[in-house]
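Next come the chains, spelled out residue by residue.
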Number of protein chains: 2
Amino acid sequence: MRIAIFLYDGMTALDAIGPYDVLRQLPGAEVVFVGDTAGIKRTEAQPLGLVADRAFADVTRADILVVPGGLGQERVMREPATLAWIRRIHETTTWTTSVCTGSLILAAAGLLRGLRATTHWAVLDELREFGATPVSERVVEQGKIITAAGVSAGIDMALRLVARIAGDDVARGIQLGIEYDPAPPFDTGSPQKAPAYIVDLVRQTLEQMRAAYVVPAA
Amino acid sequence: MRIAIFLYDGMTALDAIGPYDVLRQLPGAEVVFVGDTAGIKRTEAQPLGLVADRAFADVTRADILVVPGGLGQERVMREPATLAWIRRIHETTTWTTSVCTGSLILAAAGLLRGLRATTHWAVLDELREFGATPVSERVVEQGKIITAAGVSAGIDMALRLVARIAGDDVARGIQLGIEYDPAPPFDTGSPQKAPAYIVDLVRQTLEQMRAAYVVPAA
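Residues numbered from 1 in each chain as written. Chains lettered and ligands numbered in written order. Predicted model: local features only at pLDDT ≥ 70, side-chain atom pairs only at ≥ 80, totals over all residues. Heavy atoms only, no water.

1. A short note on the sheet that holds strand E2 (residues 30–35) of chain A
Residues and elements named next belong to chain A. Stated precisely, the cut-off is as follows: We treat two strands as partners when DSSP finds at least two bridges between them. Runs of H or I in DSSP of at least four residues are treated as helices and runs of E of at least two as strands, each being numbered from the N terminus. Pairs of residues are marked as contacts when any of their non-hydrogen atoms sit within 4.5 Å. Note on definitions: angles span 0 to 180 degrees between N-to-C directions of axes, and those axes are lines fitted to C-alpha atoms, for helices only across the stretch in contact.
Taken in spatial order, the 7 strands make up an open sheet running E5-E2-E1-E6-E7-E11-E10, and their pairing is mixed. Looking along the sheet, the strands with just one partner apiece sit at the ends: strand E5 (54–55) and strand E10 (139–142). Note: strand E1 (residues 2–6) against E2, 5 bridges, orientation parallel. Bridged to Ile3 within E2 is Val31. Relative to the sheet, helix H3 (residues 80–92) contacts E1, E2, strand E6 (64–67), strand E7 (95–99) and strand E11 (145–148), its axis offset from that of E6 by approximately 150 degrees.

Structure follows, in structure tokens:
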């Protein structure tokens, strides 16, 4: 059970780490972190380095692929080598998954045409440009492709995937192991639930961050 | 607003990354990842390398300290240099926090004596050995020390901390930004909610993992 998690400069760490700390507990799991080249990738705010132990060239198959999102996603979805690798791995997977704007990378690779999919709420409509049907749901399963909503939704997605692969009890046990009994202090985790002025503020902030984002120097 | 996140071999990634992806969005936040020495630290299952950009010697103060847990915690809590650094930084902090078994590291550093505290449910009683009063709550605040329960509880802890520091609206905005509208597929995230046979199985598995855990070769 090989799980390949794609790392790139400008990704959001939690998009990858939520699914990682769930899926690594699948019976027989082998997790590999893969970048365009092997080496350290820095998260969007740059303070955190995550190590891609393998390069695209080293990984030619996976049972599960996880594609995270983040501010670097707009750059990555224009990189032919990245899109080619994702398409190649997708041909070998049992499950191809994304978290947050990672689904826009899958979409740019041509994998979501004609499918329902989700992504971070603030950019949901962008899925249309690639022939997908945006859906405001936390986890969307279409055949072997599973897309999750923003950042933290990867935890829910991964637990559902564990249940599909190894059964409900294994998923329940992993949920208990990571003590995932969420108790957020507010009920503002979706644009349907948050006050309109907060939704507007977060949307503006994200748009500014996306516009201002530059690739960190290597 | 300097946030120091302690990294070590054998840590659980999500313990650190949940708080990281919340706290980094605090206005004026500067996040530093700190290890005993600078360099790559590998998570408990070893597939993931996280980069500590700074060594203990380089970081002498922080506004917020985050101490994650994981299988490596038992080793770390016997390292005098680690405990001395944690005590030194704690003297400078506004908030000292832990996630999961990270509270046992705080306890070993002598910071929890006479205080209520929490940790991962499976090892909750171990806090008593260090003079703390174990509490089965998701987030426990005692003066400037905040301990969170297992792994995923760090997200809830960090959102509460943001609310304390920057106000409810900033916390609500960050929650919306990471789309933290949790929808776990099961309701088994705590030992009070999970079926007894799953609690027993997870407890046994964790005990075996702790007993079998060896420090990864450098």
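And the narrative resumes.
2. Some thoughts on the layout of surface pockets
Put simply, the test is: In this analysis the probe radius is 1.4 Å and the grid spacing 1 Å, with only protein atoms considered; a cavity is a set of points the probe fits into but cannot get out of, a pocket is an open set with protein on both sides within 12 Å along at least five of seven lines, and lining residues have an atom within 4 Å of a point. Grid points are joined across faces, edges and corners, and a volume is the space filled by probe spheres set on the points. Note that Gly is not counted as nonpolar here; it falls among the polar residues with everything else outside the nonpolar set of Ala, Val, Leu, Ile, Met, Phe, Trp, Tyr, Cys and Pro and the charged set of Asp, Glu, Lys and Arg.
Volume-wise, the largest pocket comes out at about 800 Å³. Along the wall of the largest pocket there are 34 residues; nearest its centre are Gln25 of chain A together with Glu44, Thr205, Leu206 and Met209 of chain B. Contributions of two or more residues to the lining of the largest pocket are made by helix H6 (168–177) of chain A together with helix H2 (73–76) and helix H7 (196–212) of chain B. In terms of residue count, the dominant contributor to the lining of the largest pocket is H7 of chain B (9 residues). Taken together, the residues of the lining of the largest pocket break down into 16 nonpolar, 10 polar and 8 charged. Of all the secondary-structure elements, those providing two or more residues to the lining of the second largest pocket are helix H7 (196–212) of chain A together with helix H6 (168–177) of chain B.

3. Side note on the interface of chain B and chain A
The criterion, for reference: Two parts placed together each lose some accessible area under a 1.4 Å probe, and adding up what both lose gives the buried area. We define a salt bridge as a contact between a side-chain nitrogen of Lys or Arg and a carboxyl oxygen of Asp or Glu at a distance within 4 Å. N or O atoms closer than or at 3.5 Å make up a polar contact, with two conditions inside protein: a donor-capable atom paired with an acceptor-capable one, and, for residues adjacent in sequence, both atoms drawn from side chains.
Opposite the 62 residues of chain B that make contact, chain A presents 62 residues. Broken down residue by residue, the surface that chain B buries against chain A is led by Leu176, Glu179 and Phe186 of chain B, which jointly contribute 14%. Glu44 of chain B is the partner of Arg24 of chain A in a salt bridge, and the nearest nitrogen-oxygen pair spans 3.8 Å. The interface formed by chain B and chain A holds 40 residue pairs in polar contact (both at pLDDT 80 or more) in total. Contributions of two or more residues to the side of chain B that touches chain A are made by helix H1 (13–23), strand E2 (30–35), strand E3 (39–42), strand E4 (49–52), helix H5 (153–166), H6 and H7 of chain B. At 8 residues, the largest contribution of residues to the side of chain B that touches chain A is made by H6 of chain B. Its residues placed into classes, the side of chain B that touches chain A shows 33 nonpolar, 14 polar and 15 charged.

4. Some details on the pattern of salt bridges
To keep things clear, this is the line we draw: Partly exposed residues are those whose accessible area sits between 20% and 50% of the maximum for their type, while under 20% is buried and over 50% is exposed, using a 1.4 Å probe and protein chains only.
By the definition in use, this model includes 34 salt bridges over all chains. As a salt-bridge pair, Arg24 of chain A and Asp21 of chain A come within 2.5 Å of each other at their nearest N and O atoms. As far as burial versus exposure is concerned, Arg24 of chain A and Asp21 of chain A are alike and both buried. Glu74 of chain B is the salt-bridge partner of Arg210 of chain B, the closest N and O atoms lying 3.6 Å from each other. Taken together, the residues Arg210 of chain B in helix H7 and Glu74 of chain B in helix H2 connect sequence positions 136 residues apart. Each of the salt bridges in this network shares a partner with another, and the network as a whole consists of Arg2, Glu30 and Arg54 of chain A.

5. A word on the relation of the copies chain B and chain A
What counts is decided by this rule: A residue counts toward the fit only if its pLDDT is at least 70 in both copies, and the copies are then superposed by least squares on the C-alpha atoms of those residues.
Note on the identical chains: chain B maps onto chain A by a rotation of 180 degrees and an axial translation of 0.0 Å, with an RMSD of 0.0 Å. Such a turn and shift between the copies fits a two-fold axis. Of the C-alpha atoms belonging to chain B, the one lying closest to the rotation axis is found on Leu50 of chain B, 2.4 Å away.

6. Describing the pairing of strand E3 (residues 39–42) of chain A
Residue and element names in this part refer to chain A. In terms of strand pairing, E3 meets strand E4 (residues 49–52) through 4 bridges, oriented antiparallel. Paired with Ile40 across the strands is Val51, a residue of E4. Counted between consecutive antiparallel strands, the loop separating E3 from E4 contains 6 residues, among which Gln46 sits at a positive phi close to 75 degrees.

7. Quick look at the pairing of E7 of chain A
Residue and element names in this part refer to chain A. E7 sits mainly inside the fold: 5 of its 5 residues count as buried. Examined bridge by bridge, E7 and E11 share 4 bridges and lie parallel to one another. Note on E11: the bridge partner recorded for Ser98 is Thr147.

8. Observations regarding the sheet that holds E2 of chain B
Residue and element names in this part refer to chain B. With mixed pairing, the 7 strands of this open sheet are ordered in space as E5-E2-E1-E6-E7-E11-E10. At either end of the open sheet lies a strand with only one pairing partner, and these are strand E5 (54–55) and strand E10 (139–142). Each of strand E1 (2–6), E2, strand E6 (64–67), strand E7 (95–99) and strand E11 (145–148) is contacted by helix H3 (residues 80–92), which is oriented at about 150 degrees to E6, the strand it contacts most. Against the sheet, H5 engages E6, E7, E10 and E11, with an angle of about 165 degrees to E7.

9. Focus on the side chain of Ser152 of chain B
Among the structural elements, Ser152 of chain B can be located in the loop between E11 and H5. If we skip the residues at most four places from it in the chain, Ser152 of chain B touches Ile178, Glu179, Tyr180 and Asp181 of chain A together with Arg138 of chain B.

10. So, the environment of Ile145 of chain B
All names here are of chain B. With respect to the helices and strands, the residue Ile145 is situated in strand E11. With relative accessibility at 6%, the residue Ile145 sits in the buried group. Ile145 sits 56 residues away from Leu201 along the chain, and the two C-alpha atoms are 32 Å apart. Setting aside chain neighbours within four positions, we find Ile145 in contact with His90, Thr96, Leu106, Leu111, Leu112, Leu115 and Val140.

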